[in-house]
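A closer look at the structure
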Amino acid sequence: MRIVALAGGIGGARFLRGLREAIGPEDEITVIGNTGDDIHLYGLKVCPDLDTVMYTLGGGIHEEQGWGRTDETWSIKAEMKEYGVGPEWFGLGDRDFATHLVRSQMLTAGYTLSQVTEALCVRWQPGVRLLPMSDDRVETHVKITDEAGTRAVHFQEYWVRLHAEVDAEAVIPVGADTAKPAPGVLEAIAAADVILFPPSNPVVSIGTILAVPGIRAAVAAASAPVIGLSPIIGGAPVRGMADKVLAAVGVEATAEAVALDYGSRAARPGSTGGAGRREGVLDGWLVDTADEAAVAAVEAAGIACRAVPLLMTDVAATADMARAALALAEQVRA
């Protein structure tokens, strides 16, 4: 079985760890990772979502915080502070710095982000094929209004420094409209037996991947069933502040509304939920048992829906979620 998953950071990485446990040794997973969170710091290219997937699946993640390296030290950050060089609000540990140094050196030497990611994964052996969504530069920005006036800030500043405490007025994936899918991305989607949307942020993670020209259309046209898992349980995001960016794109923070915004592949383009202006991309949707009341409305929109436990309390529980998604894919396929 060839599985393709579109994934963001912590939620996507943890789901992938469970998915890896749920499949057989002959099955293959290709991960199309979000690069809209990428940021340049200290002259280095930092890819938070790609690295979180790589570290989590490779056994090097800091489990409690869900990002960065385990057994991290912070000498470089402390020295940068002594020099008065910021930003102080974004933490890069010493071990993490090494990854960004290698990546930036290879990019400067002329390698593409895809080639660099493949080389980094040689060390980590994540057990999946990890592809960036694009080799082109894409950065998600957020429009806000605060005491400094109306302005756009990098998503990392909005999320990490401002803690999403300021209302997001718009989310702009800068560069996405002219980016090209990375080599292998469209081919993996076309060859997939199952396509999964993990419980990643539907706006700034999966939404940014789908914003790269050609990717959404490829998912909409794929022969494989497309199954998503809700990142919203009981009207609130399981982790992070997805409700803030959902509001910016006019989507209610409910499991039902997120499904309708993705849209049904059985419906005409532009005829479903939320933004309602794109091809639908879902065949099936899993909601948590707390949101079982949403099942009927989601199914009425042409999306097969089931209610199952969706809290990733440990790897075993996450593997059960993955099995439920694969089982729904088989039901849709039949």
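Residues numbered from 1 in each chain as written. Predicted model: local features only at pLDDT ≥ 70, side-chain atom pairs only at ≥ 80, totals over all residues. Heavy atoms only, no water.

**Looking at the sheet that holds strand β13 (residues 284-287)**
An order of β5-β2-β1-β9-β10-β13-β14 is seen for the seven strands of this open sheet, with the pairing classed as parallel. The strands lining the two open edges of the sheet, one partner per strand, are β5 (129-132) and β14 (304-307). On average, each strand axis in the sheet is inclined to that of its neighbour by 20°, with strand direction left out of account. (Pairing = 2+ DSSP bridges. Helix = DSSP H or I, 4+ residues; strand = E, 2+ residues; numbered from the N terminus. Axes fitted to C-alpha atoms, helices over the stretch in contact; angles between N-to-C directions.)

**Focus on the packing of helix α4 (residues 94-108) against helix α5 (residues 113-124)**
At a minimum axis distance of 10 Å, the contact between α4 and α5 shows a crossing angle of 140°. Our classification of the angle between α4 and α5 gives oblique. As for the relative orientation of α4 and α5, their crossing is right-handed in sense. Together, Thr99, Val102, Arg103, Met106 and Leu107 of α4 and Leu113, Val116, Ala119 and Leu120 of α5 make up the contact between the two elements. Grouping the amino acids of the contact of α4 with α5 by side-chain chemistry returns seven nonpolar, one polar and one charged. (Parallel < 35°, antiparallel > 145°, perpendicular 65-115°, else oblique. Left-handed = near helix turned anticlockwise from the far one by under 90°. Contact = heavy atoms within 4.5 Å. Nonpolar A, V, L, I, M, F, W, Y, C, P; charged D, E, K, R; others polar.)

**Quick look at the nonpolar core**
If you look at the biggest cluster of nonpolar residues, it comprises 57 residues, and the most contacted ones within it are Tyr158, Ile189, Ile195, Phe197 and Trp285. In terms of residues, this core owes the most to one element, helix α11 (residues 255-262), which gives five residues. Within the second largest apolar cluster, 43 residues are counted, among which are Leu19, Leu130, Ala304 and Ala319. (Core = buried A, V, L, I, M, F, W, Y, C linked by side-chain atoms within 4.5 Å. Buried < 20%, exposed > 50% of the residue type's maximum accessible area, 1.4 Å probe, protein only.)

**Observations regarding the pattern of salt bridges**
Across all of its chains, the model carries 11 salt bridges by this definition. We note a salt bridge from Asp320 to Arg323, for which the minimum N-O separation is 2.8 Å. Pair noted here: Asp320 and Arg323 are both in helix α13 (residues 315-333), with a separation of three residues, about one helical turn. (Salt bridge = Lys/Arg side-chain N within 4 Å of Asp/Glu carboxyl O.)

**Some thoughts on the environment of Leu186**
Within the secondary structure layout, Leu186 lies in helix α7 (residues 185-191). Expressed as a C-alpha distance, the spacing of Leu186 and Met133, which sit 53 residues apart in the sequence, is 9.6 Å.

**Looking at the sheet that holds strand β8 (residues 170-174)**
Taken in spatial order, the three strands of this open sheet run β7-β6-β8, and their pairing is antiparallel. Bordering the open sheet on either side are β7 (149-154) and β8, each of which pairs with just one other strand. Ignoring which end each strand starts from, the neighbouring axes of this sheet average 30° apart. Across five bridges, strand β6 (residues 139-146) lies against β8 in antiparallel orientation. Residue pairing for β8: Val142 is matched across the bridge by Val171.

**Looking at the packing of aromatic side chains**
Scanning the entire structure with this criterion turns up six aromatic pairs. Considering the side-chain rings of Tyr42 and Phe97, the 5.7 Å spacing of their centres and the 40° angle between planes classify their relative orientation as tilted. Residue Tyr42 is found in the loop between β3 (39-41) and β4 (44-46), and its partner Phe97 is found in helix α4; the two are separated by 55 residues along the sequence. Across the ring face of Tyr55, the terminal group of Arg69 is positioned such that the distance to the ring centre comes to 5.6 Å. (Phe/Tyr/Trp six-rings, centres within 6.5 Å; stacked < 30°, edge-to-face > 60°. Lys NZ or Arg CZ within 6 Å of the ring centre and 35° of its normal.)

**Points about the state of the cysteines**
Under the definition given, this model contains zero disulfides. Here Cys47 is not disulfide-linked; the sulfur of Cys121 is the nearest cysteine sulfur, at 11 Å. A relative accessible area of 0% places Cys47 in the buried class. (Disulfide = S-S within 2.5 Å.)

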